[in-house]
Amino acid sequence: MSYERKIRILVAKPGLDGHDRGALVLCHAFRDAGMEVIYTGILQTPEQIVETALQEDVDVVALSLLNGAHMTLFPRVRQLLIERNAEDTIVCGGGIIPEHHKPELIRQGITGLYGPGTLLDVIINHVVERVKKERWKIA
Amino acid sequence: MELVKRLLSGDMRAAARLITHIENELPDAREAIRLIYPHTGKAHVIGVTGSPGSGKSTLVDSMITEFRKKDKTVGVICVDPSSPFTGGAILGDRIRMGNHFTDKDVFIRSLATRGALGGLSKATKDAIRILDALGKDVIIVETVGTGQDEVDIVKAAHTVLVLSVPGFGDEIQIMKAGILEIADILVVNKADRDGADKLALELTLMVDLGHEEKADQKWKPLVLKTVATKNIGTPELIETIERHLQYLKSSNLLEINHKKNIEREIIELVNEHLINHLLGIMKEGDFEKLIEKIVEREIDPYSATDEILKKLYSN
Ligand SMILES: Nc1nc2c(ncn2[C@@H]2O[C@H](COP(=O)(O)OP(=O)(O)O)[C@@H](O)[C@H]2O)c(=O)[nH]1
Ligand SMILES: [Mg+2]
């Protein structure tokens, strides 16, 4: 049976961060890269994001945040996924993240961590690489 | 099968995973359907269609709220088109349904059409079965309404809602596309806007005209006004939806339609199988040569078809 495998990705903005444009640009970029993008709008709690990720059975949760709450909200999403036995769901983050915060986030499995102005191709490649390696087990 | 066992015990994660397997046509998907099939057929399936922006997702959100007030569990399937160029899709219907994300009795899943025509994805029918087996009382299917080809929803839903909004020329669209024939309930959404009464009246007249020709049918499509953003009209809508189900049951149409749909599905499946088989035969046979012969007018298309069919039946 032949089938084309699709990457399903959830783009979410946790917290009370009203800027939506960046997330929308990302959504379009992921779609143009052939992915199926679930977009839930702004003002999502980590609980809502994780519930959505599970129901939609996504490969990747991409979190975007500009308000500085990444050290609490990103790990919270990751933690909830682990609690629900979904630690194989890839978590990527982006936003304005100081260099010295990155090692701790990466240690927790939250990668990417690109800032505004990053080339969309760089972000897409990062997502595709992780999916291939961790979800599809192809190098 | 472990996933099926978990599904039947009400595990939402298993439902989510099985839908993925079906979408990706994984080898165990068929086996899963075989195992769950005896546990399906209990849910009331409601289709919601209408042009983009008419407020389908917002109305679905409002419907979920109403059904939950009645203690009904709800499954939602939102189908959006895949890009024909990249195969990707943006599935954004959930934006309107945020209130229900953490309600464990509500399950929402977005599907991309993945090239299928007719407004539904190939996996939709089986996704409905999975949510049915999961035990959802009501399953709402939101489907892209492009005007011409959303009619597939009638093959999957018991009750079909068609949305229109004032000031969009929707009534013309509805008339042209023969949408009226598929609607059990016509919803005039955004009734807070000018022209809602006029649109409702026009639709009612259209329904009356159409209904005269079908005097044998006792269900006359109803026209209802809603303001989905404010939950106005939704309680009446839900009541009407439930009344429609009662009508289907009492008139035996539930069973008749169901049989019709099964017949259609089987024909489609066999058809698909035959086509694939035939394409295989044509590829390995001297199909090219045959075409050449027709081009050269050595034989005619009918005789060529006979030759192909002979091979098909001898296999
Ligand atoms: N004024 C008004 N706006 C509405 C109503 N229902 C939905 N909308 C708005 O219409 C837009 C499109 O709604 P959406 O549910 O996404 O439409 P869909 O594309 O058909 O699913 C959104 O901005 C909604 O807030 C309504 O009853 N009145
Ligand atoms: Mg919608």
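Parameters at a glance
- Residues numbered from 1 in each chain as written.
- Chains lettered and ligands numbered in written order.
- Predicted model: local features only at pLDDT ≥ 70, side-chain atom pairs only at ≥ 80, totals over all residues.
- Heavy atoms only, no water.
- Pairing = 2+ DSSP bridges.
- Helix = DSSP H or I, 4+ residues; strand = E, 2+ residues; numbered from the N terminus.
- Axes fitted to C-alpha atoms, helices over the stretch in contact; angles between N-to-C directions.
- Parallel < 35°, antiparallel > 145°, perpendicular 65-115°, else oblique.
- Left-handed = near helix turned anticlockwise from the far one by under 90°.
- Contact = heavy atoms within 4.5 Å.
- Nonpolar A, V, L, I, M, F, W, Y, C, P; charged D, E, K, R; others polar.
- pLDDT = per-residue confidence, 0-100.
- Near = heavy atom within 4 Å.
- Polar contact = N/O pair within 3.5 Å; in protein donor to acceptor, adjacent residues only side chain to side chain.
- Expected span 1.5 Å × (residues − 1).
- Buried < 20%, exposed > 50% of the residue type's maximum accessible area, 1.4 Å probe, protein only.

Comments concerning the sheet that holds strand E7 (residues 185-188) of chain B
Residue and element names in this part refer to chain B. The strand order across the open sheet built from seven strands is E4-E2-E5-E1-E6-E7-E8, with neighbouring strands paired in parallel fashion. Taken across any chain shown, the strands that pair with only one partner, and hence form the sheet edges, are strand E4 (106-112) and strand E8 (222-225). Direction aside, neighbouring strands of the sheet carry axes that sit 20° apart on average. Examined bridge by bridge, strand E2 (residues 74-80) and strand E5 (residues 138-144) share six bridges and lie parallel to one another.

With respect to the packing of helix H2 (residues 12-23) of chain B against helix H5 (residues 124-134) of chain B
Residues and elements named next belong to chain B. Viewed as axis vectors pointing N to C, H2 and H5 meet at an angle of 165°, and their least axial separation amounts to 10 Å. With respect to their mutual orientation, H2 and H5 come out roughly antiparallel. Every pair of crossing elements has a handedness; the one defined by H2 and H5 is right-handed. In this structure, H2 contributes Met12, Ala15, Leu18, Ile19 and Ile22 to the contact, and H5 contributes Asp126, Ala127, Ile130, Leu131 and Leu134. Split by residue class, the contact of H2 with H5 holds nine nonpolar, no polar and one charged.

Here we look at the confidence of the model for chain A
Of the residues in chain A, 92% reach a pLDDT of 70 or more, and the chain-wide mean stands at 89. Element-level mean pLDDT values for chain A span from 91 in helix H1 (residues 21-32) of chain A up to 96 in strand E2 (residues 36-39) of chain A.

Quick word on the site of ligand 1
Residue and element names in this part refer to chain B. The environment of ligand 1 is formed by 16 residues, the closest being Gly53, Lys56, Thr58, Arg96 and Asp192. Ser57 places a side-chain nitrogen or oxygen 2.9 Å from an oxygen atom of ligand 1. Measuring from an oxygen atom of ligand 1, one finds a side-chain N or O atom of Lys190 at 2.9 Å. For the shell around ligand 1, the element with the highest residue contribution is helix H4 (residues 56-69), accounting for three residues. Split by residue class, the shell around ligand 1 holds three nonpolar, eight polar and five charged.

With respect to helix H10 (residues 253-284) of chain B
The periodicity of an α-helix, 3.6 residues per turn, causes residues three or four positions apart to be oriented the same way. Residue and element names in this part refer to chain B. In this model H10 runs 46 Å from its N-terminal to its C-terminal C-alpha over 32 residues, within 8% of the 46 Å that 1.5 Å per residue would give. Turning to H10, its buried residues are Asn261, Glu265, Ile281 and Met282. For H10, the elements touching its buried residues are H5, helix H6 (153-156), helix H11 (287-295) and helix H12 (301-314).

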